[in-house]
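Chain by chain, the residues run as shown.
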Amino acid sequence: VSTQSTGVLLVRVGSLRFYLSSHLHTAHEYMAGLRRQAGRIEHSLVQKKIAYIFQYSSVVVMQILAPSILMLQLCLVLLSLHNCGEEPVSGFRGVLTTNFITGISSY
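Residues numbered from 1 in each chain as written. Predicted model: local features only at pLDDT ≥ 70, side-chain atom pairs only at ≥ 80, totals over all residues. Heavy atoms only, no water.

A.B. asks: Sorry if this is basic, but what is going on with the overall build of the protein here?
C.D. replies: Counting its secondary structure elements, the protein contains five helices and zero strands. In sequence order, the protein lays out its α and β elements as α-α-α-α-α. Here the protein, with 107 residues, has 24% of them falling under the buried criterion. For the protein, the share of sequence-separated contacts (at least 6 apart) that also reach a separation of at least 24 residues comes to 68%. Carbon together with sulfur atoms contributes 63% to the accessible area of the protein, which is approximately 7,800 Å² in total. (Helix = DSSP H or I, 4+ residues; strand = E, 2+ residues; numbered from the N terminus. Buried < 20%, exposed > 50% of the residue type's maximum accessible area, 1.4 Å probe, protein only. Contact = heavy atoms within 4.5 Å. Areas by Shrake-Rupley, 256 points an atom, 1.4 Å probe, with all protein chains shown as cover.)

Next up, the structure:
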């Protein structure tokens, strides 16, 4: 596993907290906007909007972690092929290139 891949994985996992908190902050911004509105606000409308934001927290987490998990699995496949004595890219020639792995990590 290259140091570049490891560094990208650590940065993505380390920044997960900030991405998730910024997503959850949208509920706070929505409530602040409602407080500025004049008139009555239905309780069910507020509940639905806040529940909608919190229900999609898992989607936000997977958007960040899925490319990292995929890249880690590809690195482990290449490492296991190398440890078996085979040429690491012999079975995957043209597929698992450095540009491919860099592209996944930049997603």
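After that view, the rundown keeps rolling.
A.B. asks: When you look at helix α3 (residues 43-55) in this model, what are you seeing that I'm missing?
C.D. replies: An α-helical turn contains 3.6 residues, so a residue and the one three or four places further along point in the same direction. A rise of 1.5 Å per residue sets the reference length of α3, with its 13 residues, at 18 Å; its end C-alpha atoms lie 18 Å apart and thus fit the reference within 8%. Every buried residue of α3 is accounted for by V46, I50 and I53. Take α3 and look down its axis: the buried residues cluster within an arc of 55 degrees, on one side only. In α3, the exposed positions that point more than 90 degrees away from the buried face belong to K48 and Q55. (Expected span 1.5 Å × (residues − 1). Arc of directions from axis to C-beta.)

A.B. asks: Please explain the environment of L65 as it appears in this structure.
C.D. replies: Residue placement: L65 occurs in helix α4 (residues 57-83). Here L65 is in contact with V13 and L16, once residues within four sequence places are set aside.

A.B. asks: What's the story with the environment of Y30 in this structure? I'm lost.
C.D. replies: Following the sequence through the fold, Y30 ends up in helix α2 (residues 16-36). Exposure remark for Y30: the relative accessible area of 21% places this residue in the partly exposed category. Residues Y30 and V46, 16 residues apart in the sequence, show an inter-C-alpha distance of 8.9 Å.

A.B. asks: Quick question: what am I supposed to make of a nonpolar patch on the surface here?
C.D. replies: Where nonpolar side chains cluster on the molecular surface, the patch consists of Y52, Y56 and V59 and spans about 290 Å² of accessible area. Positionally, Y52 belongs in helix α3. Residue classification places Y52 among the partly exposed positions, given a relative accessible area of 46%. (Patch = residues over 30% accessible without salt bridge, like charges linked within 9 Å, V, L, I, M, F, W, Y side chains within 5 Å. Salt bridge = Lys/Arg side-chain N within 4 Å of Asp/Glu carboxyl O.)

A.B. asks: Which parts of the structure should I look at to understand the packing of aromatic side chains?
C.D. replies: Each aromatic ring pair is characterised by the separation of its centres together with the angle its planes make. Scanning the entire structure with this criterion turns up one aromatic pair. Between Y52 and Y56 the ring centres are 4.9 Å apart and the planes differ by 55 degrees, which places this aromatic pair in the tilted class. Against the face of Y30 rests K49, its NZ or CZ located 5.4 Å from the ring centre. (Phe/Tyr/Trp six-rings, centres within 6.5 Å; stacked < 30°, edge-to-face > 60°. Lys NZ or Arg CZ within 6 Å of the ring centre and 35° of its normal.)

Shape is all these values report; function is a separate question.
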